[in-house]
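# Remarks on the overall topology
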Amino acid sequence: MNDAWSLPFATGVAVQRYLTAEEGLEAAQDERCSHWYVDASLMEDMPHNWSQERSRKLVEDAAERGLSPILHGNFRAPLASEIPEVRKASLDYVRSEIDLATRIEATALVIHGGAFVEPRPTKAHRDAALERFTSLLSVIEREAADKGVEVWLENLSYYPKFRPFSYVFTREADFATVLDAIPQVKFVLDVGHANVNQSLALPAFEAFAPSIAALSLSNNEGNQDAHLGLGDGTLSVRELTDAIRAKNWSGVIAFETRNASVGAGIDYLRAMWNAEADADVPVSAGV
């Protein structure tokens, strides 16, 4: 890969193509990435489907190509359930993801808040679900760190009318709550998710940039998570690149765009970045 494709803020470029781990590795090599997502939401890549031999072979193949996996944990794990026995089972499941992340030498394990069920979800219900989730996340982060695995917490989309099912960890206040409880936590800010039924991407980035390890990039029309190319939606990528420059942020950029290649995304980001830089150049007198 060419120095994160010459974007000064990108320490790595990841791609998520919703393929099995081995197919995703090939796709990431074809798209000149440094990382790729292994998605534990896919049945083939759930922890119980990984033998020691499969893990060993993936590590060898990734090293040969100079790529590193990011284990994208299963967003369906009900870590915020009101039922103690369900939360315990969910924690045990995530422990199996930590073990898998260790075996495949993943750069990070991405964790989500999952969902809770409430016929009429209120702020109090959302806050209670977040508290239940955060209590388990503190255990997950500590146990993962003990095994050399970094945890990245990813925000999910905000669907206020899709009751009785509601995602956990979707609001700006949620970032602050988790950070207060777990100061060392790292985030992967999914800007596409943050653009669904709210305009959270820019405020969250500006408020929490020091704790953001990665940006997951896609666009949408603001009503649902569509994984569109960066120029195909209502999210202002130009404002985001301006904020990246202002905050002097650097980290991994991950592309989850289904209708656009990584190369197209890099080109779009570079155009937005250079447009801001050009605007800073003073115009000579008499020109």
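Residues numbered from 1 in each chain as written. Predicted model: local features only at pLDDT ≥ 70, side-chain atom pairs only at ≥ 80, totals over all residues. Heavy atoms only, no water.

## Considering the overall build of the protein
Quick note on the threshold: Numbering of helices and strands starts at the N terminus; helices are DSSP runs of H or I of at least 4 residues and strands are runs of E of at least 2. Only C-alpha atoms enter the radius of gyration, while the globule expectation follows 2.2 Å times N to the 0.38, with N the number of residues. Each residue is placed in one exposure class: buried if its accessible area under a 1.4 Å probe, protein chains only, is under 20% of its type's maximum, exposed if it is over 50%, and partly exposed if it falls in between. For this analysis, residues touch if any pair of their heavy atoms sits within 4.5 Å. Two residue types count as positive, namely Lys and Arg, and two as negative, namely Asp and Glu; His and chain ends fall outside the count. A single reference atom marks each charge: NZ on Lys, CZ on Arg, CG on Asp, CD on Glu.
Broken down by element type, the protein carries eight helices and ten strands. Compactness check: the protein gives a C-alpha radius of gyration of 19 Å against a globular reference of 19 Å for 287 residues, within 12% of the reference. Counting only C-alpha atoms and orienting by the principal axes, one finds that the protein spans roughly 75 × 50 × 30 Å. Considering the protein as a whole, with its 287 residues, one finds that 53% of them fall into the buried category. Put simply, 75% of the contacts in the protein that link residues at least 6 apart link residues at least 24 apart. In the protein, 26 positive and 42 negative side-chain charges are present, and the distance between their average locations comes to 5 Å.

## Quick look at the confidence of the model for the protein
Using the following cut-off: Values of pLDDT, which run from 0 to 100, indicate the predictor's confidence residue by residue.
Residue-level pLDDT values for the protein average 94, and 94% of them are 70 or greater. pLDDT under 50 marks residues 281–287. Its contacts with residues more than four places away, or in other chains, come to zero contacts.

## Quick word on the sheet that holds strand β4 (residues 109–112)
Note the threshold: At least two bridges found by DSSP between two strands is the condition for calling them paired. Lines are fitted to the C-alpha atoms to define the axes, a helix being fitted only along its stretch in contact, and any angle between axes, read from their N-to-C directions, falls within 0 to 180 degrees.
Around the barrel, eight strands lie side by side as β1-β2-β3-β4-β6-β8-β9-β10; this closed barrel has parallel pairing. The mean inter-strand angle of the sheet, taken between neighbouring strand axes irrespective of direction, is 30°. As defined by bridge partners, strand β6 (residues 151–154) adjoins strand β8 (residues 186–190) across three bridges and the pair is classed as parallel. From the neighbouring strand, L153 faces β8, where its bridge partner is F187. Here helix α3 (residues 84–103) sits on the sheet and contacts β3 (68–72) and β4; the angle it forms with β4, its principal contact strand, is near 160°.

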